[in-house]
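Coordinate inspection notes
Residues per chain, in single letters:
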Amino acid sequence: DAPENISAIISADLARSGRFAPLPDQDLVAHPTDGAQVQFRNWRMVNVDNLVIGQVRETGPGQYAVQFQLFDVFRSKQLAGFSFPASREDLRRVAHHISDLIYEQLTGERGAFNTRIAYITSTGSTKNRTHTLLVADSDGHNPQTILKSSQPLMSPNWSADAKHVAYVSFENKAAEIYEQNVASGARQKVASFEGINGAPAWSPDNRRLALTLSRDGNAEIYVMDLASRELKRLTNNAAIDTEPVWAPDGRTLYFTSDRGGSAQIYRIDAAGGQARRVTFDGKYNAGADISPDGRKLAMVHGAGGKYRIAVQDLESGVFQVVTEGSQDESPSFSPNGSMIIYATGAGNREVLAAVSVDGRFRQQLSLTAGNVREPVWSPYD
């Protein structure tokens, strides 16, 4: 037996996308492992549109061959079929890769299951707390520790090539921004100015970081050229401007500001200029993320004492609340724009959750020890 249940991983991936409704094991009319065993008529009778079958064979100590086939039931036709070699450690990654192939074949969009997420956890008592920056598979499994600290860690953000993570660390008793290579662990300090050093956001060309700095007395948005460390100040307002995020074309940034009397999302040209308000629904909209196609903003929407994730279509202005919690925060789009990961209160702790962009499907992800905060989905690498 393989150490991972490949079919369960694929089934959970596809269900989490909100685009598929996999049949539970007990409802399957048969368990074929080869195309020759498939009786299409029987599957049509239970209204199955597509069928995925496969098998895992051990090819040596800790080595496997993972084979799958995807069929169109109504046309009695194979749509895809592959076999992958995999080590024991690679089985989950191969399962996510198969999910991506199935998703793309059936939707025409690239899948995002074989990508990663970064997030912060905090464990221990108030006096003796450990803060950890982790990177995990997109379903929350296989967490790897990037950094552990007795002081707070905040605001992880992926580089556009998915190789580096920028974050805020208080390890020297003041907010400083670092960027770290996820694979090697090599890191460097990027910003440790007087006052606030916060909310780093990598530009789509990987050459710049947008930051929130209060070095000139007030929290403003700056852009740093990473090669020269040169700073360009974008905002100049008596209010607090924070949480910058780049549009995919690198020409515009969105940020949170209370300049209108309450927290709302604004847009500003990356070259500077006048900021324009983008959100008008309700009194609190903050912490935006932008979809990879640049068409939608996800944000934290506060109303009636509850904080939920909302999505706004930037062209039409249509605004939709997509979660049902009361303490939802830190929305982050998947690299194909079909899902949003976020942190949410569950009982007396915070956990990871995912929601489809239309709000139709929600799922809590694997529980990690401690409170989970500020998840951010990696781009494609």
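Preceding block: the structure.
A few points on the structure.

Thresholds, definitions, all that
Residues numbered from 1 in each chain as written. Predicted model: local features only at pLDDT ≥ 70, side-chain atom pairs only at ≥ 80, totals over all residues. Heavy atoms only, no water. Helix = DSSP H or I, 4+ residues; strand = E, 2+ residues; numbered from the N terminus. Rg over C-alpha atoms; globule rule 2.2 N^0.38 Å. Buried < 20%, exposed > 50% of the residue type's maximum accessible area, 1.4 Å probe, protein only. Contact = heavy atoms within 4.5 Å. Lys, Arg positive; Asp, Glu negative; His and termini not counted. Charge placed at Lys NZ, Arg CZ, Asp CG, Glu CD. Polar contact = N/O pair within 3.5 Å; in protein donor to acceptor, adjacent residues only side chain to side chain. 1 Å grid on protein atoms, 1.4 Å probe; cavity = no way out; pocket = protein on both sides within 12 Å on 5 of 7 lines; lining within 4 Å. Points joined across faces, edges and corners; volume = space filled by probe spheres on them. Nonpolar A, V, L, I, M, F, W, Y, C, P; charged D, E, K, R; others polar. Pairing = 2+ DSSP bridges. Axes fitted to C-alpha atoms, helices over the stretch in contact; angles between N-to-C directions.

Moving on: the overall build of the protein. Tallying secondary structure elements over the protein gives three helices and 27 strands in all. Taken against the 2.2 N^0.38 rule, which gives 21 Å for 381 residues, the C-alpha radius of gyration of the protein at 22 Å falls within 12% of a compact globule. Considered along the principal axes of its C-alpha atoms, the protein spans approximately 70 × 45 × 40 Å. Out of the 381 residues in the protein, the part that is buried amounts to 48%. The long-range share in the protein, meaning contacts at least 24 apart out of those at least 6 apart in sequence, stands at 38%. Charge separation in the protein, taken as the distance between the mean sites of 39 positive and 43 negative side-chain charges, equals 2 Å.

Moving on to helix α1 (residues 6–16). Taken together, the buried positions of α1 are occupied by I6, I9, I10, D13, L14, A15 and R16. Elements that come into contact with the buried residues of α1 comprise β1 (50–60), β2 (63–72), α3 (91–107), β24 (339–346), β25 (349–356) and β26 (362–364). Phi for G18, located one or two positions after α1, is positive at around 80°.

By the element assignment, R187 lies in strand β10 (residues 187–191). When the C-alpha positions of R187 and S7 are compared, they lie 38 Å apart, and in sequence the two are 180 residues distant. Not counting the four nearest positions on each side in its chain, R187 is found in contact with L147, Y167, E171, Y178, E179 and Q180. At a separation of 3.0 Å, a polar atom in the side chain of R187 contacts the side chain of Y167. Within the structure, the side chain of R187 is placed 2.5 Å from the side chain of E171, a separation counted as a polar contact.

Taken as a whole, this structure holds two cavities of 30 Å³ or more when the rule is applied. Estimates place the volume of the largest cavity at around 50 Å³. Contributing to the lining of the largest cavity are Y103, A112, F113, S334, N336, S338, M339 and W377. Broken down by class, the residue content of the lining of the largest cavity amounts to five nonpolar, three polar and no charged. A volume near 40 Å³ is recorded for the second largest cavity. Around the second largest cavity, the lining residues are N114, T115, R116, A162, S378, P379 and D381.

Here the focus is the layout of surface pockets. Here the second largest pocket is characterised by a volume of approximately 1200 Å³. Along its surface, the second largest pocket is lined by 38 residues, and S7, S11, L28, V52 and I53 are the ones closest to its centre. The element that contributes the greatest number of residues to the lining of the second largest pocket is β1, accounting for seven residues. Each residue belonging to the lining of the second largest pocket can be placed in one class, and the counts come to 24 nonpolar, ten polar and four charged.

Before going further, it helps to spend a moment on the environment of V376. Tracing the backbone shows V376 in strand β27 (residues 371–377). By relative accessible area, V376 is classed as buried at 12%. Sequence separation between V376 and N157 is 219 residues; the distance between their C-alpha atoms is 6.5 Å. Residue contacts for V376: discarding those within four places in its chain leaves R116, I117, A118, P156, N157, W158 and S332.

Moving on to the sheet that holds strand β9 (residues 176–181). Reading across the sheet, the four strands line up as β7-β8-β9-β10 and stay open at both edges, with antiparallel pairing between neighbours. The outermost strands of the open sheet, each flanked by one partner alone, are β7 (153–158) and β10. If you compare each strand with its neighbour and ignore which way they point, the axes differ by 25° on average.

Keep in mind that these numbers describe shape and distance, not what the molecule does.
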